[in-house]
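The primary structure of each chain is shown beneath.
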Amino acid sequence: MRRAAGAAGAVARRTVAIAAFLAVWELAPRAGLVDRTFLPPASEIVPALWDLARGGQLWSDTEASLARSLSGFALSILVGVPLGLVIGWYRPVAELLDPLLELFRNTAAIALLPVFILILGIGETSKVSIVLYACTWPILLNTISAVRTVDPLLVKSARSLGLPAPRIFQKVVLPAAVPTVFTGIRLAGATAILVVIVAEMVGAKEGLGYLINASQQNFAIKDMYAGIVAISLVGLVFNYLLVLVERRFTRWQQTPAQR
């Protein structure tokens, strides 16, 4: 009973802010605080979302956005994690690449979108590439930080046992770095959704970004907000799945109560 009550209390605490936000969204247009032409009540967005889903447009646009974002996101993991491990572990590589990293890490991916379009066109390649570029940085930087901030005592203890450098990296550094690496991966997951939406607004014929932009231009305001809600739901589910994967790989760090 205590566990059930505690779980119910936790759910209530986590949903009260969302409930308050939805209540304000519903009441503000009805009370005339904002023009309901441009901000319809939340209850009017649900039928628009249902109509888009029933007609199939919502699913096709969501599928297109997910295909682009997941492709770039997966490629960024394949690039960012190994490169970050190498830079963080081998000082000569870090000294060679740090100036270049400092140059590009401060260049916003959205600012480079016109460059990607000019070089790669407005097709799928440019959209996946911009997502790859944007997602690589949080993964890469967090991986480098994870390797460099491993407890030196753990490394010294492993060396005192006579373990060679590759075994120290495999048995000590890599497991200790996993939580911070996953922090970068979760940040990249949110970035993937954001960047692909912006890319679809610039040049695309399908996708949630295209849906929002086309609805705004056609003054289909309810459909526009329905697309925004759909993006929020996709991002929420995506983040939840990443949290589950993170818990799976960092189970050794968790206490029995956390499991």
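Residues numbered from 1 in each chain as written. Predicted model: local features only at pLDDT ≥ 70, side-chain atom pairs only at ≥ 80, totals over all residues. Heavy atoms only, no water.

### Looking at the overall build of the protein
The secondary structure content of the protein amounts to 10 helices and 0 strands. When the helices and strands of the protein are placed in sequence order, the string is α-α-α-α-α-α-α-α-α-α. Each of the three principal axes of the protein carries a C-alpha extent, and together these read 70 × 60 × 30 Å. Relative to its 259 residues, the protein shows a buried fraction of 38%. (Helix = DSSP H or I, 4+ residues; strand = E, 2+ residues; numbered from the N terminus. Buried < 20%, exposed > 50% of the residue type's maximum accessible area, 1.4 Å probe, protein only.)

### A few points about the packing of aromatic side chains
Taken as a whole and judged by the stated rule, the model has 6 aromatic pairs. Taking 5.3 Å as the distance between ring centres and 75 degrees as the angle between the ring planes, the aromatic pair formed by Phe73 and Phe238 counts as edge-to-face. Separated by 165 residues along the polypeptide, Phe73 in helix 3 (residues 57–89) and Phe238 in helix 10 (residues 221–249) bring together distant segments of the chain. For Phe73, a relative accessible area of 6% gives the class buried. Ring geometry for Tyr133 versus Trp137: centroids 5.9 Å apart, planes at 80 degrees, classification edge-to-face. (Phe/Tyr/Trp six-rings, centres within 6.5 Å; stacked < 30°, edge-to-face > 60°.)

### What about the nonpolar core?
The biggest cluster of nonpolar side chains holds 60 residues, and the ones touching the most others in it are Leu58, Phe73, Ile130, Val131, Val173, Ile185 and Leu208. A total of 16 residues in this core trace back to one element, the largest contributor, which is helix 8 (residues 165–202). In contact with Ile185, other than residues within four places in its own chain, are Phe73, Ile77, Ile139 and Leu242. (Core = buried A, V, L, I, M, F, W, Y, C linked by side-chain atoms within 4.5 Å. Contact = heavy atoms within 4.5 Å.)

### Some details on the environment of Val178
Within the secondary structure, Val178 is located in helix 8. Classification of Val178 by relative accessible area gives buried; the value is 18%. Once the C-alpha coordinates of Val178 and Glu246 are considered, the two residues, 68 residues apart in sequence, prove to be 8.6 Å apart. Setting aside anything within four residues of it in sequence, one finds Val178 in contact with Phe249 and Thr250.

### What to know about the pattern of salt bridges
Scanning the model with the defined rule gives 9 salt bridges in all. One salt bridge connects Glu26 with Arg30, and the closest N-O pair in it is separated by 2.5 Å. On the criterion of helical spacing, the pair formed by Glu26 and Arg30 is a turn pair, its members being 4 residues apart in helix 1 (residues 2–30). We classify Arg30 as partly exposed; its relative accessible area is 45%. Arg105 is the partner of Glu102 in a salt bridge, and the nearest nitrogen-oxygen pair spans 3.1 Å. Taken together, the residues Glu102 and Arg105, both in helix 4 (residues 91–105) and 3 residues apart, mark about one turn of the helix. Judged by its relative accessible area of 43%, Glu102 falls in the partly exposed class. Residues participating in the shared-partner salt-bridge network are Arg36, Glu44 and Lys222. (Salt bridge = Lys/Arg side-chain N within 4 Å of Asp/Glu carboxyl O.)

### Remarks on the environment of Asp151
Mapped onto the elements, Asp151 comes out in the loop between helix 6 (124–148) and helix 7 (152–160). Assessed through its relative accessible area of 38%, Asp151 is described here as partly exposed. Considering only alpha carbons, one finds Asp151 and Thr62, 89 residues apart in sequence, at a separation of 43 Å.

### With respect to the side chain of Lys127
Note on placement: Lys127 falls in helix 6. A polar contact is formed between the side chain of Lys127 and the backbone oxygen of Gly123, at a distance of 3.5 Å. The contacts of Lys127, once residues within four sequence positions are left out, are Arg68, Ile122, Ala199, Glu200, Gly203 and Ala204. (Polar contact = N/O pair within 3.5 Å; in protein donor to acceptor, adjacent residues only side chain to side chain.)

### Here's the deal with the side chain of Glu246
Relative to the helices and strands, Glu246 is located in helix 10. Classification of Glu246 by relative accessible area gives buried; the value is 15%. For Glu246, the residues in contact, after removing those within four places along its chain, are Pro179, Phe182 and Arg186.

### So, helix 9 (residues 208–217)
Among all positions of helix 9, only Leu208, Gly209, Leu211, Ile212, Ala214 and Ser215 are buried. Along its buried surface, helix 9 packs onto helix 2 (42–55), helix 3, helix 8 and helix 10. Among the residues trailing helix 9, Phe219 stands out with phi positive, at a value near 60 degrees.

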